[in-house]
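# Results of the structural survey
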Amino acid sequence: MGSIRDPPTMPLAAYLWRRIRQLGVQSVMGVPGDMNLELLDYIDSVDGLSWVGNANELNAAYAADGYSRVKGCPGVLVTTMGVGELSAINGVAGAYTENVKLIHIVGTTGTRAQKARAMIHHCLGVDPDHRVYARMSESVRVAHCWLDDSRTAPGEVDRVIRECYIHSRPVYIFVPMDFVHVPVPAALLNSPINLEPKTDSEACISAINAVIEKLEKSSAPAIIVDALVHRFGATGIMNTLLEQLQIPTFTTPMGKSIVCEDKPYFYGVYNGQVSLPGVADAIEKESDLVIDVGFVHSDSNTGGHSRNMPSTDQCILVAADYVQVGHARYESVYLVEFLTRLSSSLTTSPVSHPTSHKRRTPTLPRPPVPSDADSRHITQSWIWKRIGSMARPGDIIIGESGTAQFGFSDATFAAGVRYITQIYFGSIGYSVPAGFGAAVAQGEMQNEGGRKGRTILVVGDGSLQLTVQEIGTMIKMGLRNVIIMVINNSGYTIERAIHGPEQGYNDIAPWNHQLLLSAFGSKSGEVNSRVVDTKEGFEEVVLSPEYTDLDSIQLLEVMMDRMDVPWRLQAQIDLINERNTRMKMVESGR
């Protein structure tokens, strides 16, 4: 019998989807539109790849973001040119800002229509430039390509995918309708894309030697682990390195859950002057060397820029693509390879410590007991720690922009709990679709033998109203591993705390949250929806079999006072207000 050979060519769309499947992607987010329909037809021809379909394009971008953060591969979304493309751009911008891998595929008009500048729907005005939208996304992507040449298209796909990984940021792929079916060589798929950045080996060795020398001379070193460690896939090697170093370790609000929080060397969340008592002093006054790894120095990640770090000579910065030791900067040294080689160097040549002194470790005072600790009513000082303690290994916690982001820094997570939030870009409404994407990714990983877990989505009643439609997608997809906690504090509490506590612009339309699951199609929506306003009631629900052995989507409405805020939020607001007052006094000459 003769062998059946694979065809020498395949449609360009098939090549694109097969390449994406090779990255580990199993679900494609997006919204169908007439300019991407034939492109979507090819998804079903790829084993293990499925079309999801979202309520709108913005939600699709958020969902792809959440999916990427859980799986580590890019989140993928598909839109149609113009109307869909622009609807998604806010979600893509958030991924760009927070270094999340995203591939945005846009179905566009055909090349003939583009050249003729034809007045076709989704275009702008008279004599339209069909590629104008591509220029609008320049600032929220690191690479893009137009698949309008069959000779170069496969290489262009591979190029932008590589850039997505190297920079851990979004890329765009524009596919004209008349190029969806053009044939390209099938054998190109046999050569994997090189996704690894090229580190300058000599610079890397020099950086490692400089770091080890600093560590050997240090008597009180500390290390801060931040968000880019996760984004660039360095979580595993980072924790290996921490086990070797055994020095006081801190995370930031954006870096929370990267470090195993049950380790004796974990000292908590460092957020400048908006930290628990003793934390800032441990780094800023008691440490003679601070290693800042994967840093994101945004305001909400640094306590409103209230860090007071040691001098440059006493700091080591480990960025995504460089290492700075004191005043010496080593370029083209990439995070994963640097940490891996540093770990190997410490194994073969353990860091020795001067015998003239004993290594000092900071002593942190116990956190103060909140004044409302005995309250029966659910309070901000209680709820975040309680949600943290209810999370089990394998669970994912999604925190919305607002009080949750400030509150969860006080929670302690078990090893194996993932925490996702969007602190830097801070777009309200992020959590619901991102939670959907995270739950989809979590389900895929469990099917591959991963640890079973729940997705615990925590969203305020105000933020929920922006992207609530994605609850319908959760129900449509039959997700059973999701708990939706709606914090009902009657509007935009974080905005009330900042300014205008009684202003009407911080109010929202009151919803009956108990009807949401039913409204979006759940046959057991009323049974699976509960409301609590006391700690006792909360405990009864979260300890019930329906929550501990989750087998269907659940919604829990948590009633809270509208002016109750986490202490970290109030501390940051006070700090910024005090700073602004001083600046005004200086400007006025007083």
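Residues numbered from 1 in each chain as written. Predicted model: local features only at pLDDT ≥ 70, side-chain atom pairs only at ≥ 80, totals over all residues. Heavy atoms only, no water.

The name given to the protein in an unreviewed UniProt entry is Pyruvate decarboxylase, with Aspergillus calidoustus as the source organism. In its Sequence similarities (unreviewed entry) section, UniProt records this for the protein: "Belongs to the TPP enzyme family." (UniProt positions renumbered as here; feature names shortened; annotations may be inferred.)

A separate point is the pairing of strand 21 (residues 554-559). Among the 6 residues in strand 21, 5 count as buried, and that is most of the element. Sheet analysis places strand 19 (residues 482-488) next to strand 21, joined by 6 bridges and oriented parallel. Following the sheet pairing, I484 is matched in strand 21 by L555. Strand direction decides the pairing type here: strand 20 (residues 529-532) and strand 21, joined by 4 bridges, are parallel. Looking at strand 21, one finds that V532 is bridged to V558. (Buried < 20%, exposed > 50% of the residue type's maximum accessible area, 1.4 Å probe, protein only. Helix = DSSP H or I, 4+ residues; strand = E, 2+ residues; numbered from the N terminus. Pairing = 2+ DSSP bridges.)

Turning next to empty space enclosed by the protein. Taken as a whole and judged by the stated rule, the model has 3 cavities of 30 Å³ or more. The volume enclosed by the largest cavity comes to roughly 70 Å³. Lining the largest cavity are P253, N271, S300, Q405, F406, S409, I423 and R568. Shared between two domains, the lining of the largest cavity takes at least three residues from each, and those domains are domain 2 (201-352) and domain 3 (380-572). The calculated volume of the second largest cavity comes to roughly 60 Å³. Along its surface, the second largest cavity is lined by V211, L215, I223, L241, L245, I291, V293, V318, F338, L339 and L342. (1 Å grid on protein atoms, 1.4 Å probe; cavity = no way out; pocket = protein on both sides within 12 Å on 5 of 7 lines; lining within 4 Å. Points joined across faces, edges and corners; volume = space filled by probe spheres on them. Domains from an automatic or database assignment.)

Taken from the UniProt record, the annotation "binding site: pyruvate 2" (unreviewed entry) applies to Y165. Structurally, Y165 can be placed in helix 7 (residues 153-167). By relative accessible area, Y165 is classed as buried at 16%. Leave out the neighbours within four places in its chain, and Y165 touches L23, C73, P74, K101, L195 and F232. (Contact = heavy atoms within 4.5 Å.)

Turning to the domain arrangement of the protein, a few remarks are in order. With domains assigned, the protein is organised as domain 1 (9-189), domain 2 (201-352) and domain 3 (380-572). Each side of the interface is counted separately: domain 1 has 9 residues, and domain 2 has 5 residues. In this assembly, domain 1 packs against domain 2 so that about 580 Å² is buried in total across both faces, 51% of it on carbon and sulfur atoms. Summed over the shared surface of domain 1 and domain 2, the result is 1 salt bridge. Counting across the interface, domain 1 meets domain 2 through 4 residue pairs in polar contact (both at pLDDT 80 or more). No other element matches helix 7, which puts 3 residues into the side of domain 1 that touches domain 2. (Buried area = accessible area lost by both parts, 1.4 Å probe. Salt bridge = Lys/Arg side-chain N within 4 Å of Asp/Glu carboxyl O. Polar contact = N/O pair within 3.5 Å; in protein donor to acceptor, adjacent residues only side chain to side chain.)

Our focus in this paragraph is the pattern of salt bridges. Going through the model one piece at a time under the given rule, you end up with 25 salt bridges. Close ionic contact of R480 with D551 constitutes a salt bridge, the shortest N to O distance being 3.0 Å. Residue R480 is found in the loop between helix 17 (470-476) and strand 19, and its partner D551 is found in the loop between helix 21 (545-548) and strand 21; the two are separated by 71 residues along the sequence. Residue D551 is classed as partly exposed on the basis of its relative accessible area of 46%. The salt bridge partner of R496 is D507, with a shortest N-O separation of 2.9 Å. Of this pair, R496 sits in helix 18 (residues 493-498) while D507 sits in the loop between helix 18 and helix 19 (516-519), and the two are 11 residues apart along the sequence. One network of salt bridges, in which partners are shared, links D65, R69, E98 and R231.

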